[in-house]
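Observations on the model geometry
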Amino acid sequence: MNIKWDGEKYTDSFAFVHRYGNALIDMIDGQGLSVLDLGCGNGALTKELSAKGYDAVGMDASKELLEIARRSYPELTFIHGDAVSFDTDKKYDVVFSNAVFHWIDKENQPRMLLNVYNALKNGGQFIFELGGFGNNVLIHGALKTEFEKRGKKYTMPFYFPSIGEYASLLEKAGFLVRNAVLFDRMTELEGENGLYDWIKMFVKKPFENVDKNLEEDIINSAVHKLKERLFINGKWYSDYVRLRCKAVKP
Ligand code: BEZ
């Protein structure tokens, strides 16, 4: 995952990412356990875990976000590490991750799951959420249409698996799947340009070789088309679908 984040904007305008993560914390069984928050970003959920009595450590591949995490929560430990390549001597009771794994290519998921398996104690819990099958189908569909209208190919930059596909990967990595749910969660975005800002923040890869003016044109046209479906009672929404799972290392 080699993403350059605008950490301040992410923290200010996309706070819902960690707000929704609180329900995931409630899936942890037990008190005072050691928890690795994998892909901790700005550390907001590492802080929540710690506030709920867990011995939480955050790990992230982004130096920009880690800097914000360390500045915001100097009392906590944050480690630099990539989910696909990390290795740790310490074994944790829980590996926790919110809204991270869809950034990892399908080919790299087995490596990441093996690292998580190795980081857990026997009996350890793996609790996570990512974008699931059908996530942002309206947004990516509209962008694809606008790319193709201009003779360009749109490649979806995320991995959004179904329950069956991901449960199978978890089992291959040695986990027992205890719980897996796929559900819609229309999510309110902040501000009058909420959807435009969301696309600019999160959908960067397809625009890497696209001229800036053309990028603006594509995004503005997609946003215009999406208004009918994703602008509801004066607010912009993202058509999220979540895949939420709990698995254990036997
Ligand atoms: C998600 O949380 O589902 C997500 C966020 C940003 C980009 C893609 C997916």
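These figures come from a predicted structure and were not determined experimentally.

Things to note about the overall build of the protein chain
Within the protein chain one finds 10 helices and 8 strands. Computed over C-alpha atoms, the radius of gyration of the protein chain comes to 18 Å, within 12% of the 18 Å expected from 2.2 N^0.38 for 250 residues, which places it in the range of a compact globule. Here the protein chain, with 250 residues, has 53% of them falling under the buried criterion. Long-range pairs, those at least 24 residues apart, make up 78% of the contacts in the protein chain between residues at least 6 apart in sequence. Across the protein chain, the mean location of the 33 positive side-chain charges is 3 Å away from that of the 35 negative side-chain charges.

Some remarks on helix α5 (residues 63-72)
Considered for burial, the residues of α5 that qualify are L65, L66, I68 and A69. What you see down the axis of α5 is that its buried residues fit within an arc of 160°, all on one side. Facing away from the buried side of α5 by more than 90 degrees, the exposed set consists of K63 and R71.

Some points on the pairing of strand β3 (residues 77-80)
Across 4 bridges, the pairing between strand β2 (residues 55-60) and β3 is parallel. Residue pairing in the sheet places G58 in a bridge with F78 of β3. Handedness of the β-α-β unit built from β2, α5 and β3 comes out right-handed.

Looking at the packing of aromatic side chains
What the rule picks out here adds up to 15 aromatic pairs. Consider the rings of F101 and F128, whose centres lie 5.5 Å apart with planes at 50°: the pair is tilted. Separated by 27 residues along the polypeptide, F101 in the loop between β4 (92-98) and α6 (109-119) and F128 in strand β5 (residues 120-131) bring together distant segments of the chain. Of the two residues, F101 and F128, both sit in the buried class. Within the aromatic cluster, the residues linked to one another by ring pairs are F101, Y117, F126, F128, Y159, Y166 and F175. If you follow K249 out to its NZ or CZ, it ends over the ring of Y117, 4.5 Å from the centre.

Structural notes on the side chain of H102
Tracing the sequence through the fold places H102 in the loop between β4 and α6. Engagement of the side chain of H102 in a polar contact is seen with the backbone nitrogen of G131, the distance being 2.9 Å. Leaving out residues up to four positions away in the same chain, H102 has contacts with L130, G131, F158, Y159, F160 and R242.

Description of the packing of helix α9 (residues 194-202) against helix α10 (residues 212-230)
As a packed pair, α9 and α10 sit with axes 9 Å apart at the nearest point and diverge in direction by 130°. The orientation of α9 with respect to α10, classified from their angle, is oblique. Crossing geometry of α9 relative to α10 is assigned as right-handed. Here L195, Y196, I199 and K200 of α9 come into contact with α10, specifically with E215, E216, I219, N220, V223, L226 and L230. Looking at the contact of α9 with α10 residue by residue, the classes come out as 7 nonpolar, 1 polar and 3 charged.

With respect to the site of the ligand
In the vicinity of the ligand, the contacting residues are A99, H102, W103, G131, N135, F158, F160, W198, F202, Y240 and R242. Between an oxygen atom of the ligand and a side-chain N or O atom of N135, the distance comes to 2.7 Å. At 2.7 Å from an oxygen atom of the ligand is found a side-chain nitrogen or oxygen belonging to R242. Starting from 260 Å² of accessible surface for the ligand in isolation, the protein chains cover 96%. Across the shell around the ligand, the residue classes break down as 7 nonpolar, 3 polar and 1 charged.

Calculation rules
- Residues numbered from 1 in each chain as written.
- Predicted model: local features only at pLDDT ≥ 70, side-chain atom pairs only at ≥ 80, totals over all residues.
- Heavy atoms only, no water.
- Helix = DSSP H or I, 4+ residues; strand = E, 2+ residues; numbered from the N terminus.
- Rg over C-alpha atoms; globule rule 2.2 N^0.38 Å.
- Buried < 20%, exposed > 50% of the residue type's maximum accessible area, 1.4 Å probe, protein only.
- Contact = heavy atoms within 4.5 Å.
- Lys, Arg positive; Asp, Glu negative; His and termini not counted.
- Charge placed at Lys NZ, Arg CZ, Asp CG, Glu CD.
- Arc of directions from axis to C-beta.
- Pairing = 2+ DSSP bridges.
- Right-handed = clockwise from strand over helix to strand, strands pointing away.
- Phe/Tyr/Trp six-rings, centres within 6.5 Å; stacked < 30°, edge-to-face > 60°.
- Lys NZ or Arg CZ within 6 Å of the ring centre and 35° of its normal.
- Polar contact = N/O pair within 3.5 Å; in protein donor to acceptor, adjacent residues only side chain to side chain.
- Axes fitted to C-alpha atoms, helices over the stretch in contact; angles between N-to-C directions.
- Parallel < 35°, antiparallel > 145°, perpendicular 65-115°, else oblique.
- Left-handed = near helix turned anticlockwise from the far one by under 90°.
- Nonpolar A, V, L, I, M, F, W, Y, C, P; charged D, E, K, R; others polar.
- Near = heavy atom within 4 Å.
- Areas by Shrake-Rupley, 256 points an atom, 1.4 Å probe, with all protein chains shown as cover.

No statement about biological role is implied by the geometric values presented.
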